[in-house]
Amino acid sequence: MSGTEPLLEIEGLSAHYGAVRALDNVTLSVPERQLCAILGANGAGKSTLLRTLTGLHPAASGKVKLGGKDITRLPTERAVTHGLAHVPEGGGVIVELTVEENLRLGGIWRGRHDHKAMTEVLEFFPPLVERLDKPAGTLSGGERQMLAIGRALMARPRVLLLDEPSLGLAPLITEQIFTLLRDLRDRTELTVVLVEQNAAGALAVTDHGYVLGQGRVAIEGPSADLLADDRTRHAYLGF
């Protein structure tokens, strides 16, 4: 890792589902304005990690710090106010609401409509501009993922947690989503933690990667190094 002070710090984090230990003493850190990939096979603990960071799943032990503040056991809504935003697998947009209504929900904790945030979000997602008054259920898969990310950005997070944003999308749309993440990092102060099954695509756009295996960090390093290491790719990433 670089010498940059970490923005998100995870220290010895463990989480259980009954007798099953989904996370086992996970430690990692993400500097400000970095794109970080969390990789691994199904069941490795990737989604549980994001859910535990935002309080959707309780931590059994360990700490989560954001900007030096311990947020380990904050309720989910408090984690949002401290600067974490989570886009779950599948996006979770409300299909009955319009695109604009979904976006407004993302900033609802602020207590008023943030026109500036709406304008900034729509600059990143031009396809949504013409669909603001349309139900989210009428959007394509790629547009729904844009809406889900845009809704999270309405909260003006410091750290954006993305769970499988490429799931079910065509390769071209997946490439557009990954390119957008780099654009967000380069044009804002945003830090992104990306959980992905598409390991090759994720490593191509991120700065650093962590590979989970059976709930533990199996290997970590600069994304370019992980992508170039045949042993790592074959043993842990399946390509």
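Quick note: structure is the one above.
Report follows, based on the coordinates. (Residues numbered from 1 in each chain as written. Predicted model: local features only at pLDDT ≥ 70, side-chain atom pairs only at ≥ 80, totals over all residues. Heavy atoms only, no water.)

Next up on the list: the pairing of strand S3 (residues 35-39). With five of its five residues buried, S3 lies for the most part within the structure. Burial of the side chains of S3 extends over both faces: Leu35, Ala37 and Leu39 are buried on one face and Cys36 and Ile38 on the other. Of the pairings in the sheet, the one linking S3 to strand S8 (residues 191-195) comprises four bridges and is parallel in character. Looking at S8, one finds that Cys36 is bridged to Val193. (Buried < 20%, exposed > 50% of the residue type's maximum accessible area, 1.4 Å probe, protein only. Helix = DSSP H or I, 4+ residues; strand = E, 2+ residues; numbered from the N terminus. Pairing = 2+ DSSP bridges.)

This paragraph deals with the environment of His82. Among the structural elements, His82 can be located in the loop between helix H2 (76-81) and strand S6 (84-87). Between the alpha carbons of His82 and Pro157 there is a distance of 8.0 Å; along the sequence they are 75 residues apart. Those residues in contact with His82 that sit more than four places away from it in its chain are Leu66, Lys69, Ile71, Leu74 and Arg158. (Contact = heavy atoms within 4.5 Å.)

This part is about the nonpolar core. Membership of the largest hydrophobic core comes to 43 residues, with the highest contact counts inside it found for Leu103, Phe125 and Leu160. Discounting chain neighbours no more than four positions away, the residues touching Leu103 are Met118, Val121, Leu122, Leu132, Leu147, Gly150, Arg151 and Met154. In terms of nonpolar packing, the next biggest core, distinct from the first, is built from 28 residues, Ile10, Leu23, Leu66 and Ala79 among them. (Core = buried A, V, L, I, M, F, W, Y, C linked by side-chain atoms within 4.5 Å.)

Time to look at the pairing of strand S10 (residues 216-222). Where strand S9 (residues 208-213) and S10 come together, six bridges link them in antiparallel fashion. Bridged to Gly213 within S10 is Arg216. Following S9, the chain reverses through two residues before pairing antiparallel with S10; Gln214 in that reversal takes a positive phi of roughly 55°.

The next point concerns the sheet that holds S9. Picture the strands of a sheet paired through backbone hydrogen bonds; they go either parallel or antiparallel. In spatial order, the strands read S6-S7-S8-S3-S9-S10; together these six strands make up an open sheet with mixed pairing. Of all strands in the sheet, those with a lone pairing partner are S6 and S10, marking the two edges. In this sheet, neighbouring strand axes are inclined to one another by 15° on average, regardless of whether the strands run parallel or antiparallel. The sheet contact formed by S6 and strand S7 (residues 159-163) spans four bridges and is parallel. What sits directly across from His86, in S7, is Leu161. Of the strands in this sheet, S3, S7 and S8 are in contact with helix H7 (residues 171-187), which crosses S3 at around 140°. Taken strand by strand, helix H10 (residues 230-237) contacts S3, S9 and S10, and its axis lies near 150° from that of S10. (Axes fitted to C-alpha atoms, helices over the stretch in contact; angles between N-to-C directions.)

Among the structural elements, Ala60 can be located in the loop between helix H1 (46-53) and strand S4 (61-66). Given a relative accessible area of 42%, Ala60 falls into the partly exposed group. Residues Ala60 and Asn25, spaced 35 residues apart in sequence, show a C-alpha to C-alpha distance of 9.9 Å. Non-local contacts of Ala60, meaning those with residues more than four positions away in its chain, are made with Ser14, Ala15, His16 and Arg73.

It is worth spelling out the layout of surface pockets at this point. Put simply, the largest pocket is a space of about 390 Å³. Every residue lining the largest pocket is counted, 19 residues in all, and those nearest its centre are Val80, His86, Gly106, Arg151 and Ala152. It is S6 that provides the largest number of residues to the lining of the largest pocket, a total of four residues. Tallied by class, the residues present in the lining of the largest pocket amount to 12 nonpolar, five polar and two charged. Elements that contribute at least two residues to the lining of the second largest pocket include exactly helix H4 (115-124) and H7. (1 Å grid on protein atoms, 1.4 Å probe; cavity = no way out; pocket = protein on both sides within 12 Å on 5 of 7 lines; lining within 4 Å. Points joined across faces, edges and corners; volume = space filled by probe spheres on them. Nonpolar A, V, L, I, M, F, W, Y, C, P; charged D, E, K, R; others polar.)

Two numbers describe how helix H6 (residues 141-153) lies on H7: the axes approach to 10 Å, and their chain directions differ by 20°. With respect to H7, the element H6 is oriented roughly parallel. Crossing of H6 over H7 shows right-handed handedness. Between H6 and H7, the contacting residues are Gly142, Gln145, Met146, Ile149 and Leu153 on the first element and Ile173, Ile177 and Leu184 on the second. Taken together, the residues of the contact of H6 with H7 sort by class into six nonpolar, two polar and no charged. (Parallel < 35°, antiparallel > 145°, perpendicular 65-115°, else oblique. Left-handed = near helix turned anticlockwise from the far one by under 90°.)

Quick look at the side chain of Thr174 now. Secondary-structure assignment places Thr174 in helix H7. In contact with Thr174, not counting residues within four places along its chain, are Ser166, Leu169 and Asn198.

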